[in-house]
Amino acid sequence: MARRRQSGKYVASVSLVVSVFNEAEVIREKIENALALDYPPQLLEILVISDASDDATDEIVSQYQSPNVRLCRQEQRLGKSAGLSEFCPTAQGDILVFTDANSMFRPDALSKLVRHFDNPSIGYTVGKQLYSDANQGASADSENVYWNIELKIKEWESRLSSVVGADGAIYALRKELFQPLAPEDINDFVLPLKVITQGLRGIFDPEAVCFEEAAPSFQGEFRRKYRIVNRSLRAVTKVPQTLNPFRVGWFAFQLWGHKVLRWLGPVFMILMLVSAILLCWHERATHQGMLYTILLGLQLAGYALAALYLLPFCRGMRLVYIAYYFLLVNVAAAVGIGLLLSGKTIGVWKPQR
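On a predicted model such as this, the values are computed, not experimentally measured, just so you know.

> Teacher, can you tell me more about the overall build of the chain here?
The secondary structure content of the chain amounts to twelve helices and ten strands. On C-alpha atoms alone, the chain measures out to a radius of gyration of 22 Å, which is about the 20 Å that the 2.2 N^0.38 rule sets for 353 residues. The principal-axis extent of the C-alpha atoms belonging to the chain is close to 80 × 50 × 40 Å. Taking all 353 residues of the chain together, the buried fraction comes to 54%. Restricting the contact set of the chain to residue pairs at least 6 apart, pairs at least 24 apart contribute 77%. By element, 60% of the accessible surface of the chain is carried by carbon and sulfur atoms, the whole surface being about 16,600 Å². Put simply, the chain has 37 plus and 34 minus side-chain charges, and the middle of one group is 5 Å from the middle of the other.

Rendered as structure tokens:
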């Protein structure tokens, strides 16, 4: 099924998998974007998986008479992972490329993702998602600051070993590596972790670019973050061997450092605050007590800076809203951890847009 172009770039049959729920506002733009990609049309299938959408999404998809576009509908709302498990095995492509309805690819993004699969050691590839509205509001700007750091880490990880996890907006997977998912699974984390356990690699390609809008508010970002932390930590517990450096080498250290310890950030923040308070009290009459007082003061100053966002006239200050964002995502992580410990699963949600 796969062959090479004269230019030497690897080309394979591809199924572009778009999971949707009530995406009538953007689904037409998404399909037009996909049909316009710089990729051989005879090798491209656009698979739209509708999670029992009850707006005009399915009707819009059905209007396309192109053989490249196929609508797969779940009659009951079961969540994204359930839809992928049901319909991905029916995909025609050798490569599955997962994306969101509001993620618009650059014309060459698909070619950039697929070109790496001429190397049999590559199991998945991850593209570079950028925010098209990064300068339109405090929430979008804060997320963009965080995301730029994430992209740099992905690049370093890819060079050292494998990029940790994927990005649901733009990533590709060999079809034979797809495995059925539980409804609560986060597909762009569980599937890559399982690929790593098979001795294959995942790489990040910064030239495979897509654009989407950030969550429109801090409240939307909060809901998205706690859902991600909850489902991602659950994913790690399902594939625990990826935490073992004797099994997966450097990847384990990357997973611990980039993901697990960061998700546990609120636990460390609480321990730091409580420790500083106790040490200040215990060492209040010593020279060390002054140092602990300074450390406690710095922590409290950070929290106070974030709290200034609650004052309307401070919300436009970049340092204030970025501090607020940092605190917000750690509170969200704490909520996600709490939900995990309580046994609550998250399989169905509404897009934050």
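> Sorry, what's going on with helix α3 (residues 80–87) here?
Three or four residues apart is the spacing at which side chains of an α-helix point the same way, because the helix has 3.6 residues per turn. Of all eight residues in α3, six are buried; the element is thus mostly enclosed. Among the residues making up α3, those that are buried are Ser-81, Ala-82, Gly-83, Leu-84, Ser-85 and Phe-87. Those residues of α3 that are buried lie in contact with β3 (14–20), β4 (44–51), β5 (69–74), β6 (95–100), α6 (187–197) and α7 (218–238).

> Help me understand the nonpolar core in this model?
Among soluble globular proteins, nonpolar side chains are generally buried collectively. The biggest cluster of nonpolar side chains holds 50 residues, and the ones touching the most others in it are Phe-98, Leu-173, Phe-178, Phe-189 and Leu-255. Of the residues forming this core, the biggest block, six residues, is contributed by α6. Ignoring any residue separated from it by four or fewer positions in sequence, one finds Leu-255 in contact with Val-164, Phe-189, Leu-193, Val-236, Thr-242, Leu-243 and Val-260. In terms of nonpolar packing, the next biggest core, distinct from the first, is built from 37 residues, Leu-16, Ile-46, Tyr-64 and Cys-210 among them.

> Whenever I open this one, the pattern of salt bridges confuses me. Can you help?
Any two side chains of opposite charge can pair, so long as their charged atoms come close to each other. Scanning all chains against the criterion turns up 19 salt bridges. Here Glu-45 and Arg-70 are joined by a salt bridge, their closest N and O atoms 3.0 Å apart. Taken as a pair, Glu-45 in strand β4 and Arg-70 in strand β5 lie far apart in primary sequence, 25 residues in all. The buried category is assigned to Glu-45, whose relative accessible area is 9%. The class of Arg-70 is partly exposed, set by a relative accessible area of 27%. Between Asp-141 and Arg-318 there is a salt bridge, with the nearest N and O atoms lying 2.8 Å from each other.

> In this structure, what is going on with the side chain of Gln-129? I would like to understand it.
Mapped onto the elements, Gln-129 comes out in strand β8 (residues 122–131). Residue classification places Gln-129 among the buried positions, given a relative accessible area of 4%. Polar side-chain contacts of Gln-129 include one of 3.3 Å to the side chain of Tyr-131. Leaving out residues up to four positions away in the same chain, Gln-129 has contacts with Trp-147, Leu-151, Asp-167, Ala-169, Ile-170, Cys-210 and Glu-212.

> Any chance you could explain the environment of Met-269 here in plain terms?
Examined against the element boundaries, Met-269 turns out to sit in helix α10 (residues 265–282). Accessibility expressed as a relative area gives 16% for Met-269, which makes it buried. Each C-alpha atom, one on Met-269 and one on Asn-330, is 8.8 Å from the other, the two residues being 61 residues apart in sequence. Excluding anything up to four places from it in sequence, Met-269 contacts Gln-299, Tyr-303, Phe-326, Leu-327 and Asn-330.

> Honestly, a nonpolar patch on the surface in this entry has me stumped. Any pointers?
Taken together, the side chains of Trp-256, Leu-261, Val-267, Phe-268 and Leu-271 present a nonpolar region at the surface, about 440 Å² in accessible area. Every element with two or more residues in the nonpolar patch is listed here: α9 (250–263) and α10. By the secondary structure assignment, Val-267 is in helix α10. A relative accessible area of 38% means that Val-267 is categorised as partly exposed.

> Mind showing me how you'd approach the pairing of β5 here?
Working note: regular strand, side chains alternate between the two faces of the sheet. As paired strands, β4 and β5 are joined by six bridges and run parallel to one another. Along β5, the bridge assignment pairs Ile-46 with Val-69.

> Quick question: what am I supposed to make of unusual backbone geometry here?
Peptide bonds are, in most cases, trans, and in most cases residues other than glycine have a negative phi. The phi angle at Asn-22 is positive, at roughly 50°, despite the residue not being glycine. Judged by its relative accessible area of 27%, Asn-22 is partly exposed. A positive phi angle, close to 55°, is found at Ala-52, a residue other than glycine.

> What am I meant to see in the environment of Glu-213 here?
Relative to the assigned elements, Glu-213 resides in the loop between β10 (201–212) and α7. Along the primary structure Glu-213 and Met-104 are separated by 109 residues, whereas in three dimensions their C-alpha atoms are 9.9 Å apart.

Definitions and limits used
- Residues numbered from 1 in each chain as written.
- Predicted model: local features only at pLDDT ≥ 70, side-chain atom pairs only at ≥ 80, totals over all residues.
- Heavy atoms only, no water.
- Helix = DSSP H or I, 4+ residues; strand = E, 2+ residues; numbered from the N terminus.
- Rg over C-alpha atoms; globule rule 2.2 N^0.38 Å.
- Buried < 20%, exposed > 50% of the residue type's maximum accessible area, 1.4 Å probe, protein only.
- Contact = heavy atoms within 4.5 Å.
- Areas by Shrake-Rupley, 256 points an atom, 1.4 Å probe, with all protein chains shown as cover.
- Lys, Arg positive; Asp, Glu negative; His and termini not counted.
- Charge placed at Lys NZ, Arg CZ, Asp CG, Glu CD.
- Core = buried A, V, L, I, M, F, W, Y, C linked by side-chain atoms within 4.5 Å.
- Salt bridge = Lys/Arg side-chain N within 4 Å of Asp/Glu carboxyl O.
- Polar contact = N/O pair within 3.5 Å; in protein donor to acceptor, adjacent residues only side chain to side chain.
- Patch = residues over 30% accessible without salt bridge, like charges linked within 9 Å, V, L, I, M, F, W, Y side chains within 5 Å.
- Pairing = 2+ DSSP bridges.

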